[in-house]
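In case you want the letters, here they are:
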Amino acid sequence: MRRGCGSSPSPCWRPRGCCAASSRYAGWRGALFSLGLTLCAQALHAPALPPLGTWTVHGLVEGTVSRSENGIWFFLTDVQVQPDGEEDWTPLEGTLYCYYSTQSASDLVHGQQVSVQGRVYLPDSPRNPGAFDQRMWLAQYGAHVRMYAFRAPHVEADAKRSLRGMALQINQALGERMDEQFGGASSLVRAMLLGDQEQVPEVWTEWMRDSGIAHLLAVSGLQVGFWYVLLRAGLARLPVSPRTRWVLLALLLGGYALLTGLKTSVLRASLMLLFVQGGRVLGRRSDPVTSLSLAALVLMLLRPLSPFSAGFQLSFCAVLGLVLLGRPMERLVRVPPPSRPPAAR
């Protein structure tokens, strides 16, 4: 019987060094848990706001400008606020969610500097258990207030060149090319490959939702896996080292994620595949659960409030279920091969 680690007289049946390793891992888990709590608290903390009411705002359009038949909505960053009746401009921490009820501002693009005037409100809290929490949804994008614009935003300066802006421009150009090639079906192709669901008719969306196949309209791991197979086959022909191929693969998958708007499902699939491929390059055994956990950790560090979103929960829980239950379910429903008839004499 081996004595416990250190000076403890209690028996210890674990191998040598196991106690020290467990203590080291426990320290890492505690540090990551504390870091996660700190990041979530910081993301949820609402900064000091000027008096609510009518504001005049200057800021930069951030990300995709969403459009519908009822209006447009977008986020502003680097915001300067002038409340009604005041002369001083006040910087606003985080982003500002802006909604305008007509289509006259449909030419807005990422990176433009605009000015807009409207009435500002605090986001609504859910009135029923399990209802949509607008406050939490806006906090995931760094916004703590929302604005209903009185009139269309005025563009003060054109967008500067940026990586995000170039990706959105390429997305738009590819969408227009798909419109020429696929005609009336281009809206479905754009939704499934580029993540652009604005062109899909509402009738089609409702039909697919009622049929239980609305998830086909979302860019997910299926598309990422398709591109992963093609890119890996193409990069295998290059006369470079495996590590160089992995770097090129990471850049190309990262470009596709940027092209589709950095969706949670795309980031999850891209990170997971890169971790699996990275383990092979380093000569280590790949573990799907470990790769999925690392992908979740990276996403939570980048977006601390993402675990509270339905997309994050569905994406990771679905993949975890496939990883853990795939083999047992396959054995459970496996059909024995048909028996051959006895040979004729």
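You'll find the structure just up there.
First, a word on scope: everything that follows refers to the structure included in this document. (Residues numbered from 1 in each chain as written. Predicted model: local features only at pLDDT ≥ 70, side-chain atom pairs only at ≥ 80, totals over all residues. Heavy atoms only, no water.)

As for the overall build of the protein chain
Here is the rule we go by: Secondary structure follows DSSP: runs of H or I at least 4 residues long count as helices, runs of E at least 2 residues long count as strands, and numbering of each begins at the N terminus. Any pair of residues with heavy atoms lying within 4.5 Å of one another is described as a contacting pair. Surface accessibility follows the Shrake-Rupley procedure with a 1.4 Å probe radius. Residue values consider only the protein chains on display as shielding.
Counting its regular elements, the protein chain contains 10 helices and seven strands. Contacts spanning at least 24 positions in sequence make up 65% of the contacts within the protein chain whose residues lie at least 6 apart. Here the protein chain has roughly 22000 Å² of accessible surface; of this, 60% comes from carbon and sulfur atoms.

A few points about the nonpolar core
Generally speaking, a soluble globular protein has its nonpolar side chains buried in company with each other. What counts is decided by this rule: Definition of nonpolar core: a set of buried residues of the types Ala, Val, Leu, Ile, Met, Phe, Trp, Tyr and Cys, connected through side-chain atoms within 4.5 Å. Classification of residues uses two cut-offs on accessible area relative to the type maximum, computed with a 1.4 Å probe and protein chains only: under 20% is buried, over 50% is exposed, and between them is partly exposed.
Core analysis: the biggest nonpolar cluster contains 21 residues, and V224, L249, L253, V266, L299 and F316 have the highest contact counts within it. Elements represented by at least two residues in this core include exactly α6 (221-235), α7 (242-259), α8 (264-281), α9 (288-302) and α10 (310-332). Considering each element in turn, this core owes the most residues, six residues, to α8. The contacts of L299, once residues within four sequence positions are left out, are T264, L267, R268, L271, S306, F312 and F316. By size, the runner-up hydrophobic cluster in this structure holds 20 residues, among which are V57, V79, L96 and C98.

Remarks on the packing of α8 against α10
The condition that has to hold: To get an axis, fit a line to the C-alpha atoms, keeping to the stretch in contact for a helix; angles then go from 0 to 180 degrees between the N-to-C directions. In a left-handed crossing the near helix is turned counterclockwise from the far helix by less than a right angle, and in a right-handed crossing that turn is clockwise. Throughout, the ten residues Ala, Val, Leu, Ile, Met, Phe, Trp, Tyr, Cys and Pro are labelled nonpolar, Asp, Glu, Lys and Arg are labelled charged, and all others, Gly among them, are labelled polar.
Contact geometry of α8 with α10 gives a least axis separation of 9 Å together with a crossing angle of 35 degrees. By crossing handedness, the relation of α8 to α10 is classed as right-handed. Contacts between α8 and α10 involve T264, S265, R268 and M272 from the first element and F312, S315, F316 and V319 from the second. Class assignment of the residues belonging to the contact of α8 with α10 gives a composition of four nonpolar, three polar and one charged.

Regarding unusual backbone geometry
One non-glycine residue, D78, adopts positive backbone phi at about 50 degrees. Here D78 shows up in strand β2 (residues 72-83). Even without being a glycine, L262 presents a positive backbone phi close to 55 degrees. Looking at where L262 falls in the secondary structure, it is placed in the loop between α7 and α8.

Describing the packing of α8 against α9
Filter applied, for reference: Put simply, angles under 35 degrees are roughly parallel, angles over 145 are roughly antiparallel, angles from 65 to 115 are roughly perpendicular, and the rest are oblique.
Interaxial distance between α8 and α9 falls to 8 Å at its minimum, and their mutual angle equals 130 degrees. It follows from the interaxial angle that α8 and α9 lie oblique. For the crossing formed where α8 meets α9, the hand is right-handed. Packed against α8, whose contacting residues are T264, L267, R268, L271, M272, F275 and V276, the element α9 presents P288, S291, L292, L294, A295, V298 and L299 at the interface. Of the residues that constitute the contact of α8 with α9, the class distribution is 11 nonpolar, two polar and one charged.

Re the pairing of strand β6 (residues 143-149)
The line we're drawing: By the convention used here, strands pair only if DSSP detects at least 2 bridges between them.
Across the seven residues of β6, six count as buried, placing the element largely inside the fold. When strand β4 (residues 95-100) meets β6, the two strands line up parallel, connected through four bridges. Across the sheet, Y97 pairs through a bridge with R146, a residue of β6. Alignment of strand β5 (residues 113-121) against β6, held across four bridges, turns out to be antiparallel. Paired with Y121 across the two strands is R146, which belongs to β6.

A look at the pattern of salt bridges
Put simply, the rule is: Salt-bridge detection follows one rule: a side-chain nitrogen of Lys or Arg within 4 Å of a carboxyl oxygen of Asp or Glu.
Under the definition given, this model contains two salt bridges. The closest approach of N and O atoms between E180 and R177, which form a salt bridge, is 3.3 Å. Taken together, the positions of E180 and R177, both in helix α3 (residues 163-182) and three residues apart, correspond to about one turn of that helix. By relative accessible area, which is 59% here, E180 ends up exposed.

Examining α9
Here is the rule: Residue count minus one, scaled by 1.5 Å, sets the expected span of a helix.
For α9, spanning 15 residues, the distance from its first C-alpha to its last is 21 Å, which sits close to the expected 21 Å at 1.5 Å a residue. Looking at the buried positions of α9, the neighbouring elements they touch are α8 and α10.

Quick notes on the environment of E69
Mapped onto the secondary structure, E69 falls in the loop between β1 (54-67) and β2. Its relative accessible area of 77% is what places E69 among the exposed residues. In this structure the C-alpha to C-alpha distance between E69 and E198, which are 129 residues apart in sequence, comes to 9.7 Å.

Remarks on a negative patch on the surface
For clarity, the cut-off: Residues enter patches when their relative accessible area tops 30% and they take part in no salt bridge; the joining distance is 9 Å for like charges and 5 Å for the nonpolar side chains Val, Leu, Ile, Met, Phe, Trp and Tyr. Only four residue types enter the tally: Lys and Arg on the positive side, Asp and Glu on the negative side; His and the chain ends are excluded. For charged residues, the charge sits on one atom: NZ in Lys, CZ in Arg, CG in Asp, CD in Glu.
Taken together, E69, E202, E206 and D210 make up a surface patch of like negative charges. Checked against the element boundaries, E206 lands in helix α5 (residues 202-211). A residue is classified by how much of its surface remains accessible, and E206, at 39% relative accessible area, is partly exposed.

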